Amino acid sequence: MFLSVVIPTYNRLPILEKCLRALERQRLASPITDYEVVVVDDGSTDETVVWLGQHQAELPHVRLVEQDHGGPAAGRNRGVDHARGDVIVFIDSDLVVTEEFLLSHASQLQQSWEERGDRLCFTYGAVINTANFEDPTSEPHKIRDLSWAYFATGNVAIDREVLERSGLFDTRFRLYGWEDLELGERLRQMGVALVRCPAAVGYHWHPPLSLEQVPRLIAVEGQRAKMGLVFYKKHPTRRVRFIIQFTVLHRILWELLTLGGALNERSLRPVLAWLIRKGQAAWAMELLRLPLNRIGVRALYAEARAAGLR
């Protein structure tokens, strides 16, 4: 089994370096014969491309592919086009993996193929969120790290031929959100099964919440709303409505939990600041999710009205 790890990246050099160095430390054994890491630079304006050129000798498995800024969907498709492997592993450029990461995916895939008698499945590894940049793999697993997503490209491995039959990622998803779950809907329709692979652990680093991040997080909700509508137009089902929160239930839920908008990013600012000062940025982020969800759902309904949808 030859594995191609495909990683789109955009202006994330500090954590990308940790990501790539972790991938160079992989323990190899059967069924893996070899692997490569295909980094697709999505038009970064930092020193990503320069740094990769300067450190080629230290990163022998890494191959760089460059493109103009087109978003992660286009980046992943381009990475697959350049990949040489018969198995594609998708991770994000802010994921730091363990030494058993690739072997865990490969072993679970091989076992599942043999049990099923076909390759219509993919492995879904564990993602542990952390704000610890210096030592991300020291973070313990938390209940809030659990994910019920069907196909999330932060940590999955899939047979290349099965992936290509699905049609790859829809490049209309140029903004933040939903391109991987939309591909997941097509894989589901093909009868492709999700196989949990908790031994394939990746530590997803993101900086601890600061108040300066709040405007960007609000902007992201607007992008998710736009892309959510693209998702729903392709798959106008009840299931997708629930995934993107395009239901009356979600509107009522977030209105109630935010007291009709009384709990918002402005009114919560003193509490958020206090939690951050106390070293509880993770809890501040969980609290902020209440108004962010309300903002996102309202933005989605506004996009739908503008498009003549209900």
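The structure we're discussing is the one just above.
It should be emphasised that the depicted structure is a prediction, and the values quoted were computed from it without experimental measurement. (Residues numbered from 1 in each chain as written. Predicted model: local features only at pLDDT ≥ 70, side-chain atom pairs only at ≥ 80, totals over all residues. Heavy atoms only, no water.)

Caption draft 1: Up close: the packing of helix α9 (residues 248-257) against helix α11 (residues 281-306). The N-to-C vectors of α9 and α11 enclose an angle of 140 degrees; their axes lie 9 Å apart at closest approach. The element α9 and its partner α11 pack so that their crossing is left-handed. Counting all contacts with α9, which are made through Val248, His250, Arg251, Trp254, Glu255 and Leu257, the residues of α11 involved are Leu290, Asn293, Arg294, Val297, Arg298 and Tyr301. Of the residues contributing to the contact of α9 with α11, the split by class is 6 nonpolar, 2 polar and 4 charged. (Axes fitted to C-alpha atoms, helices over the stretch in contact; angles between N-to-C directions. Helix = DSSP H or I, 4+ residues; strand = E, 2+ residues; numbered from the N terminus. Left-handed = near helix turned anticlockwise from the far one by under 90°. Contact = heavy atoms within 4.5 Å. Nonpolar A, V, L, I, M, F, W, Y, C, P; charged D, E, K, R; others polar.)

Caption draft 2: Main features of the packing of aromatic side chains. Under the defined criterion, the tally for this structure stands at 7 aromatic pairs. Between Phe90 and Phe169, the ring centres sit 5.3 Å apart and the planes meet at 80 degrees, which makes this aromatic pair edge-to-face. Of this pair, Phe90 sits in strand β4 (residues 87-91) while Phe169 sits in the loop between α5 (160-166) and α6 (179-189), and the two are 79 residues apart along the sequence. Judged on exposure class, the residue Phe90 and its partner Phe169 are both buried. For the pair Phe122 and Phe151, a centre-to-centre distance of 4.9 Å together with 85 degrees between the ring planes defines the contact as edge-to-face. In this pair, Phe122 sits in strand β6 (residues 121-130) while Phe151 sits in the loop between β6 and β7 (155-159), placing the two residues 29 residues apart along the sequence. Each member of the pair, Phe122 together with Phe151, is buried. Put simply, the rings of Phe122, Tyr150 and Phe151 touch in pairs and so form one group of aromatic residues. (Phe/Tyr/Trp six-rings, centres within 6.5 Å; stacked < 30°, edge-to-face > 60°. Buried < 20%, exposed > 50% of the residue type's maximum accessible area, 1.4 Å probe, protein only.)

Caption draft 3: Structural context of helix α4 (residues 101-116). With 16 residues, α4 ought to run about 22 Å at 1.5 Å a step, and its terminal C-alpha atoms sit 23 Å apart, in line with that. Among all positions in α4, only Phe101, Leu102, Leu103, Ser104, His105, Ala106, Leu109, Ser112 and Trp113 are buried. (Expected span 1.5 Å × (residues − 1).)

Caption draft 4: Seen up close, the sheet that holds strand β5 (residues 95-97). Spatially, β3-β2-β1-β4-β7-β6-β8-β5 is the arrangement adopted by the 8 strands of the open sheet, whose pairing is mixed. In this open sheet, the two edge strands, each paired with only one partner strand, are β3 (62-67) and β5. Across this sheet, the average inter-strand angle for adjacent strands is 30 degrees, counted without regard to direction. Here β4 pairs with β7 via 5 bridges, running antiparallel. Paired with Ile91 across the two strands is Asn155, which belongs to β7. Where helix α1 (residues 13-23) meets the sheet, it contacts β1 (2-9), β2 (34-42), β3, β4, β5 and β8 (193-205), and its direction lies at approximately 25 degrees from that of β5. (Pairing = 2+ DSSP bridges.)

Caption draft 5: A look at the pairing of β4. The element β4 is extensively covered by neighbouring structure, given that 5 of its 5 residues are classed as buried. Alternating positions in β4 separate into two faces, Val87, Val89 and Ile91 on one and Ile88 and Phe90 on the other, with burial throughout. Pairing analysis gives 4 bridges linking β1 to β4, with the strands arranged parallel. The partner of Ser4 across the bridge, within β4, is Ile88.

Caption draft 6: Spotlight on the nonpolar core. Core analysis: the largest hydrophobic core is formed by 37 residues, its most contacted members being Leu3, Leu20, Leu23, Val37, Val89 and Ile91. When contributions to this core are tallied by element, the ones reaching two or more residues are β1, α1, β2, α2 (48-54), β4, β5, α4 and β8. Broken down by element, the residue count for this core peaks at 7 residues, all from α1. Residue contacts for Leu3: discarding those within four places in its chain leaves Ile32, Asp34, Tyr35, Glu36, Val87, Val89, Leu102 and Ala106. Membership of the second largest hydrophobic core comes to 25 residues, among which are Val6, Tyr124, Phe151 and Leu168. (Core = buried A, V, L, I, M, F, W, Y, C linked by side-chain atoms within 4.5 Å.)

Caption draft 7: Geometry of the packing of helix α7 (residues 214-234) against α11. At their nearest, the axes of α7 and α11 sit 8 Å apart, and the two run at 40 degrees to each other. On the basis of the axis angle, α7 is oblique to α11. For α7 against α11, the interelement crossing comes out right-handed. Within the contact between the two elements, α7 uses Val214, Leu217, Ile218, Glu221, Ala225, Lys226, Gly228 and Leu229 and α11 uses Met285, Leu288, Leu292, Ile295, Gly296, Ala299, Leu300, Glu303 and Ala304. Considered class by class, the residues forming the contact of α7 with α11 number 12 nonpolar, 2 polar and 3 charged. (Parallel < 35°, antiparallel > 145°, perpendicular 65-115°, else oblique.)

Function cannot be read off these values alone, since they describe shape.
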